[in-house]
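# Descriptive structure summary
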Amino acid sequence: MANSSDRPALEELDRAECLRLIAGGVIGRVAFDDGEGPTVIPVNYAVDGDAVIFRTSVSGRLNRSLLTSVVGGEVRAAFQVDRIDESDHAGWSVLLRGGAHPLSDEEKEKAAQVEPWPGGDREAWFRLSALEVSGRRLHGT
């Protein structure tokens, strides 16, 4: 039987390291309540300061769920990115939690640009401002 020193080690990451790790990515997952329960959808994204910018279809579930009738309001959501190497039992995972809001035309011009991979209408832009950032890195054996 392997002893505990042969097992992968888990390290908690600080906010700066979490944001550095996700800055190099293009695909993450947005978690939100679509009215029927928790839902997770992959999106293309860009890091913009302490926030992530993503685009989705105007007619899609994500857009409908994140729109709010309160002008200037935000909807609670989460955003997650990870990189895992299953063969080495190593990798990292970062979670941002905060408020998401649709971008105005003025905000779109100033925001980090996101090029969505899927075709079709992806003109609903959102910013998820990270109120909480957490992450973990698993060091392989």
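Notes on the structure follow.

Procedures and definitions
- Residues numbered from 1 in each chain as written.
- Predicted model: local features only at pLDDT ≥ 70, side-chain atom pairs only at ≥ 80, totals over all residues.
- Heavy atoms only, no water.
- Helix = DSSP H or I, 4+ residues; strand = E, 2+ residues; numbered from the N terminus.
- Polar contact = N/O pair within 3.5 Å; in protein donor to acceptor, adjacent residues only side chain to side chain.
- Salt bridge = Lys/Arg side-chain N within 4 Å of Asp/Glu carboxyl O.
- Buried < 20%, exposed > 50% of the residue type's maximum accessible area, 1.4 Å probe, protein only.
- Pairing = 2+ DSSP bridges.
- Core = buried A, V, L, I, M, F, W, Y, C linked by side-chain atoms within 4.5 Å.
- Contact = heavy atoms within 4.5 Å.

## Some remarks on the side chain of Glu-17
Mapping Glu-17 onto the fold places it in helix α1 (residues 15-23). At 2.6 Å, the side chain of Glu-17 and the side chain of Arg-137 are in polar contact.

## Quick word on the pattern of salt bridges
Enumeration over the complete set of coordinates arrives at 11 salt bridges. In this structure, the salt-bridge partner of Glu-123 is Arg-55, at a minimum N-O distance of 2.9 Å. Separated by 68 residues along the polypeptide, Glu-123 in the loop between α3 (105-110) and β7 (124-139) and Arg-55 in strand β4 (residues 51-56) bring together distant segments of the chain. Looking at Arg-55, the relative accessible area reads 12%, which means it is buried. Note that Arg-97 is salt-bridged to Glu-132, the shortest N-O span being 2.6 Å.

## Re the pairing of strand β6 (residues 90-102)
Bridge count between strand β5 (residues 75-85) and β6: 11 bridges; the pairing is antiparallel. Residue pairing in the sheet places Asp-82 in a bridge with Ser-93 of β6. Hairpin remark: β5 followed by β6, antiparallel, with 4 residues in the connecting loop; positive phi at His-89, about 55 degrees. Of the pairings in the sheet, the one linking β6 to β7 comprises 12 bridges and is antiparallel in character. Looking at the pairing, Ala-100 lines up with Leu-128 of β7.

## Remarks on the nonpolar core
Within the largest apolar cluster, 26 residues are counted, with the highest numbers of intra-cluster contacts made by Ile-22, Phe-54, Leu-66, Phe-79, Leu-96 and Leu-128. Secondary-structure elements contributing two or more residues to this core are α1, β2 (27-33), β3 (38-48), β4, α2 (61-66), β5, β6 and β7. A per-element tally of this core places β7 first, with 5 residues. The contact partners of Leu-66, leaving out residues within four places of it in the chain, are Phe-32, Phe-54, Val-75, Ala-77, Ala-100 and Phe-126.

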